[in-house]
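# Examining the three-dimensional arrangement
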There are 2 protein chains.
Amino acid sequence: MNIKEKYMKKALLQAKKAYNKMEVPVGAVIVKDGKVIASAYNQKETKFDTTKHAEITAIQKASKKLNSWRLNDCEMYITLEPCPMCAGAIIQSRIKKVYYGTPDEKTGAVGSKLNLFKDYKFNHKVEVENGILEKECKELLQSFFKELRNLKRNERYGNNKNE
Amino acid sequence: MNIKEKYMKKALLQAKKAYNKMEVPVGAVIVKDGKVIASAYNQKETKFDTTKHAEITAIQKASKKLNSWRLNDCEMYITLEPCPMCAGAIIQSRIKKVYYGTPDEKTGAVGSKLNLFKDYKFNHKVEVENGILEKECKELLQSFFKELRNLKRNERYGNNKNE
């Protein structure tokens, strides 16, 4: 396992915490000088707050730790491609590089739906690399949405298994 | 003064609170059924946190008040055009309509630099109207940046006034 996979594994562990709370399983960690300085997972539903995406919370934790909104020498590992809100926060906080696991065709803002890091000139440029532990990151999401569909089906029609 | 100007005036009052703390003066209020349910101002520097833009804090407060991340029937008044992070948060929280005072040529994400509300199809469409109390919103920002430049000049070269 290389170093990128090691950190993505930590992001995946965060994503699993979200899964256990029936949240869309997305996790993120921020690394500075080889150390994880912030870890977070999506808590949108449990906190009733759309700004509680893993990336936003991770940025808040890292800023608190460094006592600065400037995260210039930091790298972020995220299991899923960030949405526009999170990609915007990443640019604003001046994070150096983002590694993500699997693309998000619907709202991905660093390559899939649009590319905030590349297509528009902001005052800070973020590097990006994807496909780190892509299979694991993708399967976790797929398994979550499958379970969610089953739950909703059972809620609606009842569980008809004759056990 | 019409109803839109009334609410923008409240956003301006918030922006002035930011000004008094030497923060870039941006303010926001969220309105539901004719009532202001959340007010906030930019606190990025004082809180050492880039996610402390007025819009993000206002969304968090409104979500807390309504006990829901869905702000469907809410309207937001902002003194300045939102950046990608805030425009993304506005889409995610399903706010119905945004009114803003003055455009932001550098990072404005709903018309100036890009248009997240129009150019990309997300699962929620936000209406937008600009130019509400534009002069006041713009002048507040201009006056802030002028004062900031003077302060920085005095810090660097000293105050040479012979008083």
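Residues numbered from 1 in each chain as written. Chains lettered and ligands numbered in written order. Predicted model: local features only at pLDDT ≥ 70, side-chain atom pairs only at ≥ 80, totals over all residues. Heavy atoms only, no water.

## Re the relation of the copies chain B and chain A
Superposing chain B onto chain A requires a rotation of 180 degrees together with a translation of 0.0 Å along the rotation axis, leaving an RMSD of 0.0 Å. Considering both components of the superposition, the chain copies are consistent with a two-fold axis. Among all C-alpha atoms of chain B, that of B:M85 lies closest to the rotation axis, at 2.0 Å. Most of the interface of chain B is mirrored in chain A, where 100% of its interface residues are also at the interface. (Least-squares fit on C-alpha atoms with pLDDT ≥ 70 in both. Contact = heavy atoms within 4.5 Å.)

## Observations concerning the packing of aromatic side chains
According to the stated counting rule, one finds ten aromatic pairs over all chains in the structure shown. When the centroid spacing of 4.5 Å and the interplanar angle of 10 degrees are considered together, the rings of A:Y77 and A:Y99 count as stacked. Separated by 22 residues along the polypeptide, A:Y77 in strand β3 (residues 74-80) and A:Y99 in strand β4 (residues 97-102) bring together distant segments of the chain. An identical accessibility class is assigned to A:Y77 and A:Y99; each is buried. Site record: aromatic cluster; members linked through ring pairs are A:Y7, A:Y77 and A:Y99. The residue whose ring lies beneath A:K44 is B:W69, and the NZ or CZ to ring-centre distance is 3.7 Å. (Phe/Tyr/Trp six-rings, centres within 6.5 Å; stacked < 30°, edge-to-face > 60°. Helix = DSSP H or I, 4+ residues; strand = E, 2+ residues; numbered from the N terminus. Buried < 20%, exposed > 50% of the residue type's maximum accessible area, 1.4 Å probe, protein only. Lys NZ or Arg CZ within 6 Å of the ring centre and 35° of its normal.)

## A short note on the sheet that holds strand β3 (residues 74-80) of chain B
Residues and elements named next belong to chain B. Taking strand neighbours across the sheet as the criterion, the five strands line up as β2-β1-β3-β4-β5 in an open arrangement whose pairing is mixed. Single-partner strands in this sheet number two, and they are β2 (35-41) and β5 (127-130). Neighbouring strand axes in the sheet, compared pairwise and without regard to direction, differ in orientation by 15 degrees on average. Contacting β3 and β4 (97-102), helix α4 (residues 134-157) crosses the sheet at an angle of about 60 degrees to β4. (Pairing = 2+ DSSP bridges. Axes fitted to C-alpha atoms, helices over the stretch in contact; angles between N-to-C directions.)

## Considering the sheet that holds strand β5 (residues 127-130) of chain A
All names here are of chain A. Within the open sheet, the five strands sit side by side as β2-β1-β3-β4-β5. Their pairing is mixed. Where the open sheet ends on each side, the last strands, each with one partner, are β2 (35-41) and β5. Strand-to-strand, the axes of this sheet are offset by a mean angle of 15 degrees, without reference to chain direction. Sheet topology places strand β1 (residues 27-32) next to β2; six bridges connect them, and they run antiparallel. Its bridge partner being in β2, V29 is matched across the sheet by S39. Contacts from helix α4 (residues 134-157) reach β3 and β4, with the element oriented near 60 degrees to β4.

## What to know about the environment of B:L71
Residues and elements named next belong to chain B. Counting through the fold element by element, L71 comes out in the loop between α2 (54-66) and β3. Residues L71 and I132, spaced 61 residues apart in sequence, show a C-alpha to C-alpha distance of 22 Å. Apart from residues lying up to four places away in sequence, L71 is in contact with I30, I59, A62, S63, L66, S93, R94, I95 and K96.

## So, the pattern of salt bridges
Under the counting rule described, the total for this entry stands at eight salt bridges over all chains. The residue B:E139 makes a salt bridge to B:K135 at a minimum N-O spacing of 3.4 Å. Separated by four residues within a single helix, B:E139 and B:K135 lie in helix α4, roughly one turn from each other. It is possible to trace a salt-bridge network through shared partners that takes in A:K4, A:K97 and A:E129. (Salt bridge = Lys/Arg side-chain N within 4 Å of Asp/Glu carboxyl O.)

## Here we look at α2(B)
Residues and elements named next belong to chain B. The first and last C-alpha atoms of α2 sit 18 Å apart over 13 residues, in line with the 18 Å expected at 1.5 Å per residue. When α2 is considered as a whole, its buried residues turn out to be A54, E55, I56, T57, A58, I59, Q60, A62 and S63. Following α2 by one or two positions, N67 adopts a phi angle in the positive range, close to 55 degrees. (Expected span 1.5 Å × (residues − 1).)

## Let's talk about a positive patch on the surface
Among the surface-exposed residues, A:K17, A:K21, A:K47 and A:K61 lie close enough to one another that they form a single positively charged patch. By secondary structure assignment, the location of A:K61 is in helix α2 (residues 54-66). (Patch = residues over 30% accessible without salt bridge, like charges linked within 9 Å, V, L, I, M, F, W, Y side chains within 5 Å. Areas by Shrake-Rupley, 256 points an atom, 1.4 Å probe, with all protein chains shown as cover. Lys, Arg positive; Asp, Glu negative; His and termini not counted. Charge placed at Lys NZ, Arg CZ, Asp CG, Glu CD.)

## Some details on the interface of chain B and chain A
Quoted interface sizes are often the accessible area lost when the parts come together. If you look at the interface, chain B gives 30 residues, while chain A gives 30 residues. For the pairing of chain B and chain A, the buried interface totals around 2600 Å² over both sides, and the portion due to carbon and sulfur atoms is 63%. Connecting chain B to chain A are zero salt bridges. The tally of links between chain B and chain A comes to nine residue pairs in polar contact (both at pLDDT 80 or more). Top contributing element to the side of chain B that touches chain A by residue count: helix α3 (residues 84-92) of chain B, with five residues. For the side of chain B that touches chain A, a count of residues per class yields twelve nonpolar, eleven polar and seven charged. (Buried area = accessible area lost by both parts, 1.4 Å probe. Polar contact = N/O pair within 3.5 Å; in protein donor to acceptor, adjacent residues only side chain to side chain. Nonpolar A, V, L, I, M, F, W, Y, C, P; charged D, E, K, R; others polar.)

## A closer look at the pairing of β4(B)
Residues and elements named next belong to chain B. Extensive coverage of β4 is indicated by the burial of six of its six residues. Here β3 runs beside β4; their pairing, made up of five bridges, is parallel. Bridge pairing in β4 places Y77 opposite Y99. Once the chain exits β3 it traverses α3 before rejoining the sheet at β4, and the crossover so formed is right-handed. In the sheet, β4 pairs with β5 via four bridges, with the strands oriented parallel. The residue bridging Y99 from the neighbouring strand is E129, located in β5. (Right-handed = clockwise from strand over helix to strand, strands pointing away.)

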